[in-house]
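What the coordinates show
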Amino acid sequence: MTYENLYSSEQLGKLSLKNRFIVAPMTRITATDDGSATTTMRDYYERFAKGGFGAVITEGIYTDELYSQGYLNQPGLTNKNHIETWKNVISAVHDYNTLIIAQLMHAGGQSQGNAYTDITIAPSEIPPKGEQLGFYGGSGTFDTPKALSLDEIKEVRHSFIQAARHAKEAGFDGVEIHGANGYLLDQFLTDYLNHRSDEYGGTLENRLNLIVEIIEDVRNEVGEDFTVGIRLSQIKVTDPAYKWPKGEEAAKTIFSTLEQGLDYIHVTEPDATQSAFGDGTKTLAAAAKAYSSIPVIANGQLGDPEKASSLVSQKDADFVSLGTSALANPDYPNRLASGKDLKVFDFESTLLPLAYIKEHEIKAEIVKT
């Protein structure tokens, strides 16, 4: 078989994946208005499992009924109904010996649609750069968020604990803490969005404190036998050019600090094979491998199997997560193994649930339990 290293089994925490292919988390927003899982969602995730992926990481799932929701029709894990409707999605994925990990997300100041409140929160009263995403129902600049009080930070921590507990109860194989792409935890990490003067602001170490606490909280809640990972990036949804100040030195601090209590680190860049901190420097995945001792998932234009295989063979990553390449080829692992041509992602013809549903006024049905 060509690209044999991509088809070898490997551990992700306590989980054993049948290959190195993982479906990346992608915002779908095809849940019901109250955040319950739907048949559309079940069919969406099931097709990747049927196509041979070792694991699927869900779209970002909101963690509370306060400020965490980022998009209208985003799924949640906040109540019994959410738990029950996710069960059929999970069962459909498990039918094909594929694992499914719930990505837990708090949008913070980058929220552009919340059924529970019109207020957004963030480390400081500083709105994200750029404009809301029209494709996901937003328009115009972001609102100026309310700065979190210490009591509200405790509420955020509790929301991740609750969502992790609900994920385990629903039958997920693990959880991924969303610390990337400009959402709340990344806002705490980002110098220009975090102007706090308490233990959560100032130095890089202080700006990492909330993430460290949430990792510890979640681990204590789910136990040692449940897989817990984190997704990290330099780039943000509305600021794709952002780089960590002090580059690789910052990466060393971030990865070495956050690995405690985690089973993996998932990093995303525009191109996972390119230097992350300037010419001649490590890729973000290679830096995560160098400065931590846990498995690394790499994401970013890895639909080319040569690039993906090289990254794994060089031990710069242990797994590859695919986004648009998986949308174009939901059977990517099976297709590649059988020697079939891989399809190129095309915005107009590839399944993009939000645009399709909104345009055609199709209502996603709730998953019956």
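As shown above, the structure is provided for reference.
Summarised in this report is the structure supplied together with it.

Conventions we followed
- Residues numbered from 1 in each chain as written.
- Predicted model: local features only at pLDDT ≥ 70, side-chain atom pairs only at ≥ 80, totals over all residues.
- Heavy atoms only, no water.
- Helix = DSSP H or I, 4+ residues; strand = E, 2+ residues; numbered from the N terminus.
- Buried < 20%, exposed > 50% of the residue type's maximum accessible area, 1.4 Å probe, protein only.
- Polar contact = N/O pair within 3.5 Å; in protein donor to acceptor, adjacent residues only side chain to side chain.
- Expected span 1.5 Å × (residues − 1).
- Contact = heavy atoms within 4.5 Å.
- Pairing = 2+ DSSP bridges.
- Right-handed = clockwise from strand over helix to strand, strands pointing away.

With that out of the way, let us pick up the side chain of S233. Topologically, S233 is positioned in strand β9 (residues 227-236). What makes S233 buried here is its relative accessible area of 1%. Here N181 takes part through its backbone nitrogen, which lies 2.9 Å from a polar atom of the side chain of S233. Among the polar contacts listed, one links the side chain of S233 to the backbone oxygen of I235, at a separation of 2.7 Å.

Let us now look at helix α6 (residues 209-222). Here α6 is 14 residues long and its end C-alpha atoms lie 20 Å apart, about the 20 Å a rise of 1.5 Å per residue gives. When we look at burial in α6, the residues that qualify are L210, I211, I214, I215, D217, V218, R219 and V222. On the buried face of α6, the contacting elements are α3 (150-170), β8 (174-181), α4 (184-189), β9 and α7 (247-258). Once α6 ends, the next one or two residues include G223, with phi positive near 90°.

The subject of this paragraph is the pairing of strand β10 (residues 264-268). Burial of β10 is extensive: 5 of the 5 residues sit out of reach of the surface. In β10, alternate side chains face the same way, and those of Y264, H266 and T268 on one face and I265 and V267 on the other are all buried. Where β9 meets β10, 5 bridges bridge the pair, whose relative direction is parallel. Bridge pairing in β10 places R231 opposite H266. As for the winding sense of the linkage, the β-α-β connection from β9 through α7 to β10 is right-handed. One ladder, built from 4 bridges, connects β10 with strand β11 (residues 296-299); its direction is parallel. When the bridges of β11 are listed, I265 appears paired with V296. Handedness of the β-α-β unit built from β10, helix α8 (residues 284-290) and β11 comes out right-handed.

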